[in-house]
Amino acid sequence: MFNTIISIIQKDLFEIFRNKRAVISALFLPALFIPFLVYFQPFLSLTESQDIRVAVYDYRIDKSDVNFIETIKKDDRLKIEFIDTDRINENKFDLSLIIHQNDYRKKQVMLIYNSSSSHSQKAFEYISSSIINSEITDMKTDITDLGEFDTSNTQAEAASSPFTAYPWIFLMFGFSGAAFVASEIVSGEKERHTLETLFSLQINRSHILSAKYLAILLFSMFNFAFNLLIMAISVTMMKTMPLAQLFNESFSVTIAVLPALILLSGILLYISLKAKSIHEARSVESVFFLVFSALIIGSSFLSFGATYLTQLLPFINTIIIIQTMQFDAINAILLIISTIIPTLFIFKRCQVFILKDGVLDTVTNPDKGRLKKIFPLLIMLFVYVLFMSFSDIWTNESYAYRTIMVQASFFLIPALVLIALRKNPDRWQTFKSLPSIRQILISIGFTSILFLGINYYQSIFNELFGVNNILSDKSLPLQSIWQSMVIMCLVPALSEELFFRAYFAEHWFNKNDRRGIFISAIVFVLFHQNYHEFFSLFILGIWFAYLLYQYRNIWLAMVAHFVNNAFVVMISYYQLEFYKKHFIGSISILLIVLTIYFRKKVKENTLNQE
Amino acid sequence: MLRAENISKSFVKNNKEFLALNNISFQLDNAEIYGLIGLNGAGKTTLLRLLSGIYNCTSGFISYEDIDIRAFNMANPYQISYLSSDTQVYQRLTIREYLSFFAKIKELPKMVFEERLKEYSSKLKLTQELNTLLEHTSTGTRQKAAFISAIINHPKYLFLDEPFANIDILMVDEMINTINALRDHGTSVIISSHNLYEIETIADKVIYLENGQIKLNSSIQELHKESEGQRLRDIILCKMKEAN
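Residues numbered from 1 in each chain as written. Chains lettered and ligands numbered in written order. Predicted model: local features only at pLDDT ≥ 70, side-chain atom pairs only at ≥ 80, totals over all residues.

1. Points about the overall build of chain B
Thought 1: Within chain B one finds nine helices and 10 strands.
Thought 2: Considering only contacts in chain B between residues 6 or more positions apart, those separated by 24 or more positions represent 71%. (Helix = DSSP H or I, 4+ residues; strand = E, 2+ residues; numbered from the N terminus. Contact = placed C-beta atoms within 7 Å.)

What follows is the structure, given as structure tokens:
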């Protein structure tokens, strides 16, 4: 039994290492990419400024009785910002101050340094003196290393580590390597009918499956080890981290990533076993890769925090462990439970499937166009990673400047370049004609009704889940309404429509297949990073893409987007509340439903007449 | 001795049940060569896959030497060998590695493997190419390599699906000699082919499948006798035209 398994693994690995594409995608790409990331990592953290910026996260329920906050507020050497979301972007501040209320209602203050900032120590001194001076009686201050704070040690803080800055990198490269191998050695064997030969040898099929699984796992582990080595070499060369810490963190990363690779290999085995050709396997894997990357990159930016629930989510728990660099017995148990159990389950499914006749079914004429269709998704992913990593670099600039820079550099320019690069001669078709008055009226009219309906739903949702309402609780960052109209309505309407609709949704356009609408809407939601409004954004994304598909005109979608944003600006500017009224809300939702219903009816009738 | 009793096989395609083989019974004696012929989609490949245990029968019973196929495989591993029709081999292995992989899986001692590798590669003119990667070789060479991988351990039962496609006449002759030699050692063979001349040269008996049923099962000699020396091709053509 072991001999068979080892022979198959040996043969598979032999084949993989002779495959230039596998070696390039698994080894050379990371080797090029990782040093680049390590080099740019310090730039991601704080851009030096004159202010000493302190973030205050106040997690108490009763916020009335901490007098030292009043003291430090008066200290004009500090720039205090109160943040009421989860702890994100700590490295943008010189110091973070966290006020907790534990189970016994005792309050605790924690100070977190930012090692990449030179102001961190100063801020620390100012604040700790404020805490000591203010007579806090009911408060336990938890500044454990108060006296030991030493600037030479700041390098050892988590913020300067490329591992914590890019916790997703090993999972992503591990995935791409393993996916290539899985489609080659499982779907490839199916497509080339060599699996049939293996079956005819009457080897126990579970052994074949185990061998394939182990080959995928071994390659992804090799891939991981290689990436880690490249990371270690670049960190050592650029001296961004002391060696001892590098070893420690590499060890934690290894322990966190390996279980994730075990589960990933299982999933990839299942996908490629089910696929009827290499191309099918690759396209399913690409879609999975996209969702997977959005999940791990998104979770690393949102900083979920280590609760029992988040630690039970596979892949996200890996990200959490790498980010916090905390690894203990409970972590380990949760990690194992969250990866081994699903892996066993998937393996069981594979075992059942491999015994069926259907496992040998192949498609004789694989549709090569499908892979091409996936390509924009990969571009989206790339832009998404850039967007998540670099959209914060203009934080210190004015709101208007920041918005224009973000919109232009992530949406407008990429969209124009990508559309221009397209080979299709009709690529500018949706720009050529201007919409008719009737179409514009439809677009404005339905967008208005949609706005009312969606925001009515959103206000109910927010009330139910206690979320701050974006419309009433956020004051406008710009003074004049005309400025707001340009910066918050016109610019996004132009650039986002170009990117999400004119480039992305248009790529999937097909008269009879409207899946592109939904795919572009999902991507639209992902970029907004506003998960409370998932549904509302999704509906808007569908509506804008529908306008493009229905009327083949990008200007209409821009008009609709502008109208929607203009409503948002006006409501926050004049502090209007009419959209919360049940009467208006329910009427508009009814109108939306009726419009969709009659639209469908009319369409069916015209189809029947034809 | 291989015995198939009332075997049927059905598949579900596009939510419709489709009967590929319908109640087939036949017997293959030791050291005999069967020719399996039939139009495309008649069920030849399905039958060979059932006999080699890749598929399970929907109903019916397949036994080797009077024991069930699974039990037979447990007791005599690797004695049933099957060569698929469009095997594209492992592209990134050399021919030697490819064959040694199968020898290892079939637990063939290394000495024996080297001996047979030498024998067959010289017979089928592969010696020059033994260390070439399969992706750089011709279709015919790959077919030959796959053929050797199927017979390298001298199995007791050998099922060949279209073994002569893409191979030149000289090599077909060499392969036929090899198959005959194997038969002389006691191997029972079933060859499916569209090329009735080759079947006529090599086979002792012939099975003609039509729409999943056996329409003809008799020895070639008898056929010749009955039809007064007509060629196999003409006999089968006649049968096909009758059916249509």
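On we go.
2. Overview of the overall build of chain A
Thought 1: Looking only at helices and strands, chain A features 23 helices and five strands.
Thought 2: Every one of the 610 residues in chain A was classed for burial, and the buried ones make up 40%.
Thought 3: The contacts of chain A with a sequence gap of at least 6 include a subset with a gap of at least 24, amounting to 80%. (Buried ≥ 20, exposed ≤ 12 C-beta atoms within 10 Å, placed from the backbone.)

3. Some words on the sheet that holds strand β6 (residues 80–83) of chain B
All names here are of chain B.
Thought 1: Pairing in this open sheet of six strands is mixed, and the strands run β6-β7-β8-β3-β9-β10 from one edge to the other. In the strand order of this sheet, the two ends are held by β6 and β10 (213–219), each with one partner. Strand-to-strand twist in this sheet, taken as the mean axis angle between neighbours without regard to direction, amounts to 15°.
Thought 2: Relative to strand β8 (residues 188–192), strand β3 (residues 33–38) is paired through four bridges, and the arrangement is parallel. Paired with glycine 35 across the strands is isoleucine 191, a residue of β8.
Thought 3: Sheet strands touched by helix α9 (residues 232–243): β3, β9 (205–210) and β10. Its angle to β9, the strand with the most contacts, is close to 25°. (Pairing = 2+ DSSP bridges. Axes fitted to C-alpha atoms, helices over the stretch in contact; angles between N-to-C directions.)

4. Quick notes on the nonpolar core
Residue and element names in this part refer to chain A.
Thought 1: Counting 190 residues, the largest nonpolar core has Val181 and Ile216 as the members making the most contacts within it.
Thought 2: Of all the elements, helix α6 (residues 169–191) adds the most residues to this core, at 13 residues.
Thought 3: Apart from residues no more than four positions distant in its own chain, isoleucine 216 is found in contact with Ala178, Val181, Ala182, Ser265, Leu268 and Leu269.
Thought 4: By size, the runner-up hydrophobic cluster in this structure holds 15 residues, among which are Ile52, Val54, Leu78 and Leu95. (Core = buried A, V, L, I, M, F, W, Y, C linked by C-beta atoms within 7 Å.)

5. A closer look at the interface of chain B and chain A
Thought 1: The interface of chain B with chain A comprises 24 residues on the first partner and 18 residues on the second.
Thought 2: Those elements giving two or more residues to the side of chain B that touches chain A turn out to be β6 and α3 (95–105) of chain B.
Thought 3: The element contributing the most residues to the side of chain B that touches chain A is α3 of chain B, with four residues.
Thought 4: Classifying every residue of the side of chain B that touches chain A gives 12 nonpolar, seven polar and five charged. (Nonpolar A, V, L, I, M, F, W, Y, C, P; charged D, E, K, R; others polar.)

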